[in-house]
Amino acid sequence: MKKILVVIAISLLSLTSAYAGSFQVGVQGGLMEIKGKGVETDVGGTADASNRSKEVSHDTFSGSIFAEYSLDSFSYSSDGNGLTIGIGHMPGSADISNSAFKRTDTELSKTGSAAVTANIVNRSAQAEIENVMNYYVEVPVYGMFYGKIGYTEMDVNTLETGDSSISSTYGNSTVSGTNLGFGAKGNFTGGLGWKVAYEIQDFDTLSIASSQTDKGNRVEADLDTTHLNFSLGYKF
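Residues numbered from 1 in each chain as written. Predicted model: local features only at pLDDT ≥ 70, side-chain atom pairs only at ≥ 80, totals over all residues. Heavy atoms only, no water.

Some thoughts on the pattern of salt bridges
With the rule as written, the count across this model stands at 5 salt bridges. As a salt-bridge pair, Glu55 and Lys37 come within 4.0 Å of each other at their nearest N and O atoms. Taken as a pair, Glu55 in strand β2 (residues 51-71) and Lys37 in strand β1 (residues 21-42) lie far apart in primary sequence, 18 residues in all. Given a relative accessible area of 59%, Glu55 falls into the exposed group. For Lys37, a relative accessible area of 46% gives the class partly exposed. The salt bridge involving Glu138 is made with Lys195; its shortest N-O contact spans 2.9 Å. (Salt bridge = Lys/Arg side-chain N within 4 Å of Asp/Glu carboxyl O. Helix = DSSP H or I, 4+ residues; strand = E, 2+ residues; numbered from the N terminus. Buried < 20%, exposed > 50% of the residue type's maximum accessible area, 1.4 Å probe, protein only.)

Right under this line is the structure:
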(Lines give C-alpha, C1' and ligand atoms only; values in the text may rest on other atoms or scores of the structure.)
Protein backbone atom coordinates (compact mmCIF):
# COMPACT_ATOMS: atom_id res chain seq x y z
CA MET A 1 0.00 0.00 0.00
CA LYS A 2 2.87 2.41 0.76
CA LYS A 3 4.32 1.83 -2.71
CA ILE A 4 0.95 2.47 -4.35
CA LEU A 5 0.56 5.77 -2.51
CA VAL A 6 4.10 6.83 -3.48
CA VAL A 7 3.33 6.16 -7.15
CA ILE A 8 0.10 8.15 -6.92
CA ALA A 9 1.91 11.00 -5.18
CA ILE A 10 4.52 11.18 -7.94
CA SER A 11 1.78 11.15 -10.56
CA LEU A 12 -0.02 13.94 -8.70
CA LEU A 13 3.09 16.10 -8.60
CA SER A 14 3.65 15.55 -12.32
CA LEU A 15 0.25 17.08 -13.00
CA THR A 16 1.00 20.34 -11.22
CA SER A 17 2.33 21.88 -14.44
CA ALA A 18 -1.07 21.41 -16.09
CA TYR A 19 -3.32 22.11 -13.09
CA ALA A 20 -2.90 24.75 -10.43
CA GLY A 21 -3.15 23.55 -6.85
CA SER A 22 -3.33 24.64 -3.22
CA PHE A 23 -2.29 23.51 0.23
CA GLN A 24 -4.80 23.00 3.02
CA VAL A 25 -4.47 22.46 6.76
CA GLY A 26 -7.36 21.74 9.04
CA VAL A 27 -9.11 19.74 11.72
CA GLN A 28 -11.38 16.74 11.55
CA GLY A 29 -13.90 15.45 14.05
CA GLY A 30 -16.56 12.80 14.17
CA LEU A 31 -17.78 9.46 15.48
CA MET A 32 -15.51 6.41 15.49
CA GLU A 33 -16.40 2.79 16.18
CA ILE A 34 -13.51 0.51 17.20
CA LYS A 35 -14.02 -3.25 16.91
CA GLY A 36 -11.65 -5.91 18.14
CA LYS A 37 -11.69 -9.71 18.17
CA GLY A 38 -8.92 -11.55 19.97
CA VAL A 39 -7.92 -15.13 20.78
CA GLU A 40 -5.53 -16.13 23.57
CA THR A 41 -3.78 -19.50 23.33
CA ASP A 42 -1.22 -21.26 25.52
CA VAL A 43 2.22 -21.82 24.06
CA GLY A 44 5.50 -23.38 25.12
CA GLY A 45 4.22 -26.84 25.99
CA THR A 46 1.42 -25.90 28.38
CA ALA A 47 -1.25 -28.48 29.04
CA ASP A 48 -4.18 -26.17 28.41
CA ALA A 49 -4.92 -26.31 24.68
CA SER A 50 -8.12 -24.26 24.87
CA ASN A 51 -8.68 -20.97 23.08
CA ARG A 52 -10.03 -17.97 25.00
CA SER A 53 -11.72 -15.52 22.65
CA LYS A 54 -13.34 -12.15 23.16
CA GLU A 55 -15.05 -9.62 20.91
CA VAL A 56 -15.27 -5.99 21.99
CA SER A 57 -16.31 -2.66 20.54
CA HIS A 58 -16.31 0.97 21.55
CA ASP A 59 -18.06 4.03 20.11
CA THR A 60 -16.25 7.28 20.76
CA PHE A 61 -15.66 10.77 19.42
CA SER A 62 -12.43 11.27 17.51
CA GLY A 63 -10.44 14.29 16.42
CA SER A 64 -7.45 14.75 14.15
CA ILE A 65 -5.41 17.31 12.27
CA PHE A 66 -4.43 17.09 8.61
CA ALA A 67 -2.35 18.71 5.89
CA GLU A 68 -2.86 18.11 2.18
CA TYR A 69 -2.18 19.31 -1.32
CA SER A 70 -4.99 19.46 -3.91
CA LEU A 71 -5.12 20.16 -7.60
CA ASP A 72 -7.87 22.36 -8.96
CA SER A 73 -11.17 20.72 -9.81
CA PHE A 74 -11.46 18.67 -13.00
CA SER A 75 -14.10 19.32 -15.65
CA TYR A 76 -16.42 16.68 -14.17
CA SER A 77 -15.96 17.66 -10.50
CA SER A 78 -17.29 20.64 -8.59
CA ASP A 79 -15.29 23.47 -7.05
CA GLY A 80 -13.06 22.25 -4.22
CA ASN A 81 -13.03 18.61 -5.34
CA GLY A 82 -9.63 18.07 -6.93
CA LEU A 83 -7.16 15.21 -6.79
CA THR A 84 -5.65 15.33 -3.28
CA ILE A 85 -2.79 13.78 -1.35
CA GLY A 86 -2.55 14.24 2.40
CA ILE A 87 -1.46 13.14 5.85
CA GLY A 88 -3.50 13.06 9.04
CA HIS A 89 -2.69 12.51 12.71
CA MET A 90 -5.04 11.64 15.57
CA PRO A 91 -3.49 12.81 18.86
CA GLY A 92 -4.36 11.20 22.16
CA SER A 93 -5.66 7.66 22.69
CA ALA A 94 -8.91 5.71 22.59
CA ASP A 95 -9.92 2.50 24.41
CA ILE A 96 -10.73 -0.50 22.23
CA SER A 97 -13.44 -1.67 24.64
CA ASN A 98 -15.94 0.52 26.48
CA SER A 99 -14.97 -1.24 29.73
CA ALA A 100 -12.11 -3.39 30.99
CA PHE A 101 -12.58 -7.17 30.96
CA LYS A 102 -12.24 -8.44 34.54
CA ARG A 103 -12.15 -11.83 36.24
CA THR A 104 -11.14 -13.34 39.59
CA ASP A 105 -9.08 -16.55 39.70
CA THR A 106 -8.11 -18.83 42.57
CA GLU A 107 -4.50 -19.96 42.23
CA LEU A 108 -3.43 -23.12 44.15
CA SER A 109 0.20 -23.77 44.97
CA LYS A 110 2.10 -26.46 46.88
CA THR A 111 5.81 -26.71 47.64
CA GLY A 112 7.09 -30.10 48.83
CA SER A 113 4.93 -31.30 51.70
CA ALA A 114 3.59 -27.84 52.48
CA ALA A 115 -0.16 -27.34 52.55
CA VAL A 116 -1.94 -26.06 49.52
CA THR A 117 -2.20 -22.27 49.53
CA ALA A 118 -5.04 -20.50 47.79
CA ASN A 119 -4.27 -17.11 46.24
CA ILE A 120 -7.10 -14.91 45.03
CA VAL A 121 -5.96 -13.01 41.94
CA ASN A 122 -8.00 -10.19 40.40
CA ARG A 123 -7.18 -9.71 36.73
CA SER A 124 -8.27 -7.05 34.26
CA ALA A 125 -7.51 -6.56 30.58
CA GLN A 126 -7.94 -3.55 28.32
CA ALA A 127 -6.20 -2.09 25.29
CA GLU A 128 -5.98 1.31 23.68
CA ILE A 129 -4.91 2.78 20.37
CA GLU A 130 -2.81 5.92 19.96
CA ASN A 131 -0.45 7.72 17.57
CA VAL A 132 -2.72 7.08 14.59
CA MET A 133 -1.12 8.24 11.32
CA ASN A 134 -3.01 8.22 8.03
CA TYR A 135 -1.48 8.75 4.54
CA TYR A 136 -4.10 9.09 1.81
CA VAL A 137 -5.15 10.03 -1.69
CA GLU A 138 -8.60 11.40 -2.57
CA VAL A 139 -9.85 11.01 -6.14
CA PRO A 140 -12.83 12.96 -7.55
CA VAL A 141 -15.70 10.73 -8.67
CA TYR A 142 -18.27 13.23 -9.92
CA GLY A 143 -19.50 16.63 -8.77
CA MET A 144 -18.73 17.02 -5.07
CA PHE A 145 -18.21 13.30 -4.45
CA TYR A 146 -14.84 11.61 -4.05
CA GLY A 147 -13.27 8.29 -3.13
CA LYS A 148 -10.40 7.82 -0.69
CA ILE A 149 -7.65 5.22 -0.37
CA GLY A 150 -4.99 5.33 2.30
CA TYR A 151 -2.49 3.61 4.56
CA THR A 152 -2.79 3.82 8.36
CA GLU A 153 -0.40 3.01 11.20
CA MET A 154 -1.18 3.07 14.92
CA ASP A 155 0.20 1.89 18.26
CA VAL A 156 -1.74 -0.67 20.32
CA ASN A 157 -1.05 -0.56 24.07
CA THR A 158 -2.11 -3.41 26.35
CA LEU A 159 -3.34 -2.42 29.81
CA GLU A 160 -3.56 -5.58 31.89
CA THR A 161 -3.35 -5.91 35.69
CA GLY A 162 -2.85 -8.87 38.04
CA ASP A 163 -0.26 -10.53 40.27
CA SER A 164 2.97 -9.98 38.35
CA SER A 165 4.55 -13.14 39.83
CA ILE A 166 2.00 -15.50 38.31
CA SER A 167 0.11 -13.46 35.69
CA SER A 168 1.20 -12.91 32.12
CA THR A 169 1.72 -9.39 30.83
CA TYR A 170 1.85 -8.29 27.23
CA GLY A 171 3.88 -5.66 25.47
CA ASN A 172 2.77 -2.99 23.05
CA SER A 173 2.89 -3.18 19.28
CA THR A 174 2.30 -1.24 16.06
CA VAL A 175 -0.16 -2.34 13.38
CA SER A 176 -0.87 -1.04 9.89
CA GLY A 177 -3.83 -1.31 7.58
CA THR A 178 -5.82 -0.06 4.62
CA ASN A 179 -8.09 2.97 4.72
CA LEU A 180 -11.04 3.28 2.30
CA GLY A 181 -13.65 6.02 2.23
CA PHE A 182 -16.32 7.87 0.29
CA GLY A 183 -17.50 11.42 0.83
CA ALA A 184 -18.32 14.87 -0.44
CA LYS A 185 -16.34 18.11 -0.26
CA GLY A 186 -16.41 21.70 -1.40
CA ASN A 187 -15.45 25.28 -0.58
CA PHE A 188 -16.80 27.95 1.70
CA THR A 189 -15.97 31.62 1.21
CA GLY A 190 -12.80 33.06 2.69
CA GLY A 191 -10.50 30.21 1.68
CA LEU A 192 -12.26 27.58 3.80
CA GLY A 193 -12.88 24.04 2.62
CA TRP A 194 -15.17 21.33 4.03
CA LYS A 195 -15.50 17.56 3.81
CA VAL A 196 -17.97 14.93 5.02
CA ALA A 197 -16.94 11.29 4.73
CA TYR A 198 -17.61 7.71 5.78
CA GLU A 199 -14.43 5.67 6.17
CA ILE A 200 -13.31 2.19 7.20
CA GLN A 201 -9.88 1.03 8.33
CA ASP A 202 -8.96 -2.66 8.15
CA PHE A 203 -5.78 -3.51 10.09
CA ASP A 204 -3.41 -6.45 9.83
CA THR A 205 -3.60 -9.18 12.47
CA LEU A 206 -1.91 -8.19 15.73
CA SER A 207 0.17 -10.92 17.42
CA ILE A 208 1.71 -10.40 20.87
CA ALA A 209 3.47 -12.96 23.10
CA SER A 210 3.23 -12.79 26.89
CA SER A 211 6.06 -12.18 29.32
CA GLN A 212 6.05 -15.81 30.48
CA THR A 213 8.72 -17.51 28.37
CA ASP A 214 8.35 -21.13 29.53
CA LYS A 215 4.57 -21.55 29.69
CA GLY A 216 3.25 -18.30 28.32
CA ASN A 217 0.38 -17.18 26.17
CA ARG A 218 -0.04 -15.55 22.79
CA VAL A 219 -2.79 -13.16 21.77
CA GLU A 220 -3.82 -12.66 18.15
CA ALA A 221 -6.35 -9.94 17.43
CA ASP A 222 -8.05 -8.27 14.48
CA LEU A 223 -8.86 -4.57 14.75
CA ASP A 224 -11.15 -2.51 12.53
CA THR A 225 -12.49 1.02 12.77
CA THR A 226 -15.30 2.90 11.05
CA HIS A 227 -15.61 6.68 10.97
CA LEU A 228 -18.19 9.32 10.15
CA ASN A 229 -16.19 12.54 9.87
CA PHE A 230 -16.59 16.25 9.21
CA SER A 231 -13.51 18.28 8.26
CA LEU A 232 -12.85 21.99 8.04
CA GLY A 233 -9.68 23.41 6.56
CA TYR A 234 -8.01 26.58 5.38
CA LYS A 235 -6.54 26.77 1.87
CA PHE A 236 -3.57 28.86 0.84
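Next comes the rest of the write-up.
Regarding a nonpolar patch on the surface
Taken together, the side chains of Phe23, Val25, Val27, Ile65, Phe188, Leu192, Val196, Phe230, Leu232, Tyr234 and Phe236 define a hydrophobic patch exposed on the protein surface, amounting to about 1000 Å² of accessible area. At the level of elements, β1, β9 (192-203) and β11 (217-235) are the ones that each hand at least two residues to the nonpolar patch. (Patch = residues over 30% accessible without salt bridge, like charges linked within 9 Å, V, L, I, M, F, W, Y side chains within 5 Å. Areas by Shrake-Rupley, 256 points an atom, 1.4 Å probe, with all protein chains shown as cover.)

Describing the nonpolar core
Residues Ile34, Ile96, Ile129, Met154, Val156, Val175 and Leu223 are the most contacted members of the largest nonpolar core, which totals 16 residues. Elements represented by at least two residues in this core include exactly β1, β3 (84-95), β6 (127-142), β7 (145-158) and β10 (206-209). A total of 3 residues in this core trace back to one element, the largest contributor, which is β6. Ranked by size, the runner-up nonpolar core spans 5 residues in total, among them Tyr69, Leu71, Phe74 and Leu83. (Core = buried A, V, L, I, M, F, W, Y, C linked by side-chain atoms within 4.5 Å.)

Section: a negative patch on the surface
Together, Asp202, Asp204, Glu220, Asp222 and Asp224 line one region of the surface with negative charge. With 3 residues, the single largest contributor to the negative patch is β11. Turning to its location among the elements, Asp222 is positioned in strand β11. With relative accessibility at 36%, the residue Asp222 sits in the partly exposed group. (Lys, Arg positive; Asp, Glu negative; His and termini not counted. Charge placed at Lys NZ, Arg CZ, Asp CG, Glu CD.)

Here we look at the side chain of Asn81
Tracing the backbone shows Asn81 in the loop between β2 and β3. Exposure remark for Asn81: the relative accessible area of 0% places this residue in the buried category. Filtering out sequence-adjacent residues up to four positions away, Asn81 remains in contact with Ser73, Phe74, Pro140, Gly143, Met144, Phe145, Tyr146 and Lys185. (Contact = heavy atoms within 4.5 Å.)

Here we look at the pairing of strand β8 (residues 173-187)
Bridge analysis of β7 against β8 gives 12 bridges, and the strand direction is antiparallel. In the strand pairing of β8, Glu153 is matched with Ser176. By the bridge criterion, 11 bridges tie β8 to β9 in an arrangement that is antiparallel. Looking at the pairing, Gly177 lines up with Phe203 of β9. (Pairing = 2+ DSSP bridges.)

Details of unusual backbone geometry
Positive phi, close to 55 degrees, is recorded for Asn131, a residue that is not glycine. By the secondary structure assignment, Asn131 is in strand β6. The partly exposed category is assigned to Asn131, whose relative accessible area is 38%.

Some thoughts on the environment of Lys35
On the secondary structure map, Lys35 appears in strand β1. Other than its neighbours up to four places away in sequence, Lys35 contacts Val56, Ser57, Asp222, Leu223 and Asp224.

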